[in-house]
Amino acid sequence: MKFMKLGSKPDAFHAEGNTVRYVSSELATDVIVNVGEVKFYLHKFPLLSKSNRLHKLVLKAHEEDSEEIHVADFPGGPKAFEICAKFCYGMTVTLNAYNVVAARCGAEYLEMSEDVDRGNLIFKIEVFLNSSIFRSWKDTIIVLQTTKSLLPWSEDLKVIGRCVDSIASKTSVDPSSITWSYTYNRKLSAPDRIVEHGMKIPERVDYVPKDWWVEDICELDIDQYKRVMIAVRSKGRMDGNVIGEALKTYVMRWLPDTIDSFASEVHLMRNKSLVETIICLLPSDRGLGCSCSFLLKLLKFAVLVGVDETPREDLIKRISLKLDEASINDLLILARSSQATIYDVELVQALVDGFMLHEKCCWEAKITGDFVLGHGSWLNVGKLIDGYLGEIARDPNLSLSSFILLSQSIPESARPIHDGLYKAIDIYLKEHPNLTKAERKKICGLMDAKKLTMDASMHAAQNELLPLRVVVQVLYFEQVRAASVVQRREDSNSITNAEEEWDKTLPNECSDSLGKQMSRLKITRDGNVRKNGKLSKKGSKNSLSGVQLLRSRSRRIFDKLFVGGKGNGYGENRSSETSGSSPSPTSMIQGETKSSGSSSRHRRNSVS
């Protein structure tokens, strides 16, 4: 810390209690100066030789036939006046970053300028400020902190402005040119190094990081911090990510850890001002600077303290641009007291709407059908909202319309798999057992049975909370999927082993009949079928006989389910419930079974 000593005489000031100060001297004191609650017993001559204002006050007191002078509004109080008085006496005074501003304001009040005496106190303090204090990083910050209690004097004397400009200029210096000390405890710039004995020793930081200045200015009051950050941004040399890191560090330093203490009445106005200030200081480029997690945390605080609408809307727009980077816990923002739900679903709905509006404008040229080419952010948001729906579905006050609206705000291309949506629907049905049949059908209509994985389909097929129509659809599409898998597997095996089976001869008579059949029905690589020594075309019914038999087999299993239900009256319900959005599984099965039978007859004719 920089300091400056003034005067050479020994300190002769003494105190009696907390309210009396006097100078021990052979000469009796002839003036009493009252500064606040403290009385100073002093001599006129040394004071009047340095202070023009004390000269005026002494004349006024003499006219009133009084020996006492009252100075009620002295900047810096009794301590600052004592420094000025000691300088008048020529006693040793030490100035540093903690008292120099108070002494400067006191000297200005007492009019201790060069017009009164050469080398007066104002001149000496200004030399000390310009040559030492404003050249020191940490001393400048300390001086700026002391100016708050000295308003408006410190502002009028431009001490605050000079401190802010000095700090902002130093933050813009090339990090490789920095030689002064600074605080940097937030993180290590290099990974821990493991030594032979198993101890972890952090690597020494051999370079100055770009955000070296962030922690030191966190000690400033929010108003002073705002002025410094505005000055830093006005320089135009600071990266947006560094500014974002600075704001995040300040929020972590000053905002309380618990929500109860944050929203307490004692600190409510201070916290509101802090949050609004941080929002207005966010980097101008909305897509850079601050992480989505930090912005959402800031939004939680903004909701709690009732931030004004304009800064809140600006924050929502910023979050919408990078919603794909958020996590489910980030979105769990508690609702205000006026809302019935636990979490603020309307706020999340606004975030999703803003994200989709921005993404559609940016990616409109890259959309093909219902699929977004190379656009993973949509998929991330789709997964995020499905997980969020699963969390809020446990809220008994969450309305069905809010659930459906939030679910439908995500396009189909952002939700290729419906497992997360199904899980959320299942939770909602469990937590809201009083839903009507129509309401259950409506919420289940959000889900596409074709987009469920095998595990989700197995769970849904046994879920008693789902409407029967949904269960039938799940069973049907699972059967179709299983049949297609078996078909692809058999087609692959038949193509792979075609040439090997072509020249095989069976070793004994027991395999003669199978050998005759295989020799009569040979499959070539181009899909043609040998029939009675001739090649039949690829599109003939014989080439599809294996597939048709496979489908008939899986459908016969599905038919048994419906035949067994007819006696109990479930067959009609199932066919009627499935006739809405997709063709009835039974009608499709019956029609295709006939074609399968005819195909089987053609196959037998061709073999015989």
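All values derive from a computational prediction rather than experimental measurement.

With respect to the packing of aromatic side chains
Moving on, step 1. Going through the model one piece at a time under the given rule, you end up with twelve aromatic pairs.
Moving on, step 2. Each member of the aromatic cluster is reached from another via a ring pair, and the members are Phe-40, Phe-74, Phe-81, Tyr-109 and Trp-153.
Moving on, step 3. Just above the ring of Tyr-109 sits the side chain of Arg-53; from NZ or CZ to the centre is 3.9 Å.
Moving on, step 4. The positively charged end of Arg-253 is found above the aromatic ring belonging to Trp-254, 4.3 Å away from the centroid.

A look at helix 13 (residues 292–305)
Moving on, step 1. Counted at 1.5 Å a residue, the expected span for helix 13 with its 14 residues is 20 Å, and the 20 Å between its end C-alpha atoms agrees.
Moving on, step 2. Inspection of helix 13 places Cys-292, Phe-294, Leu-295, Leu-296, Leu-298, Leu-299, Phe-301, Ala-302, Val-303 and Val-305 among the buried residues, and these make up the whole buried set.

Here's the deal with the pairing of strand 3 (residues 20–23)
Moving on, step 1. As judged from the four bridges shared by strand 2 (residues 13–16) and strand 3, these two strands associate in the antiparallel manner. Within strand 3, the position partnered with His-14 by the bridge is Tyr-22.

Quick look at the confidence of the model for the protein chain
Moving on, step 1. Across the protein chain, the average pLDDT comes to 77, with 73% of residues at or above 70.
Moving on, step 2. The low-confidence segment residues 367–374 (pLDDT under 50) makes nine contacts with residues lying over four places distant or belonging to another chain.

Concerning the packing of helix 18 (residues 400–408) against helix 19 (residues 419–431)
Moving on, step 1. At a minimum axis distance of 12 Å, the contact between helix 18 and helix 19 shows a crossing angle of 180 degrees. With respect to helix 19, the element helix 18 is oriented roughly antiparallel. Two secondary-structure elements touch here, helix 18 through Leu-400, Phe-403 and Ser-407 and helix 19 through Leu-421, Ala-424, Ile-425 and Tyr-428.
Moving on, step 2. Across the contact of helix 18 with helix 19, the residue classes break down as six nonpolar, one polar and no charged.

Re the layout of surface pockets
Over the atoms, a rolling probe the size of a water molecule traces out where space has been left empty.
Moving on, step 1. The computed volume of the second largest pocket comes to approximately 430 Å³.
Moving on, step 2. What lines the second largest pocket is a set of 21 residues, among which Lys-383, Leu-384, Asp-386, Gly-387 and Gly-420 lie closest to the centre.
Moving on, step 3. Those elements that place two or more of their residues in the lining of the second largest pocket are helix 17 (376–392) and helix 19.
Moving on, step 4. The greatest single-element share of the lining of the second largest pocket, amounting to nine residues, is contributed by helix 17.

How each quantity is defined
- Residues numbered from 1 in each chain as written.
- Predicted model: local features only at pLDDT ≥ 70, side-chain atom pairs only at ≥ 80, totals over all residues.
- Heavy atoms only, no water.
- Phe/Tyr/Trp six-rings, centres within 6.5 Å; stacked < 30°, edge-to-face > 60°.
- Lys NZ or Arg CZ within 6 Å of the ring centre and 35° of its normal.
- Helix = DSSP H or I, 4+ residues; strand = E, 2+ residues; numbered from the N terminus.
- Expected span 1.5 Å × (residues − 1).
- Buried < 20%, exposed > 50% of the residue type's maximum accessible area, 1.4 Å probe, protein only.
- Pairing = 2+ DSSP bridges.
- pLDDT = per-residue confidence, 0-100.
- Contact = heavy atoms within 4.5 Å.
- Axes fitted to C-alpha atoms, helices over the stretch in contact; angles between N-to-C directions.
- Parallel < 35°, antiparallel > 145°, perpendicular 65-115°, else oblique.
- Nonpolar A, V, L, I, M, F, W, Y, C, P; charged D, E, K, R; others polar.
- 1 Å grid on protein atoms, 1.4 Å probe; cavity = no way out; pocket = protein on both sides within 12 Å on 5 of 7 lines; lining within 4 Å.
- Points joined across faces, edges and corners; volume = space filled by probe spheres on them.

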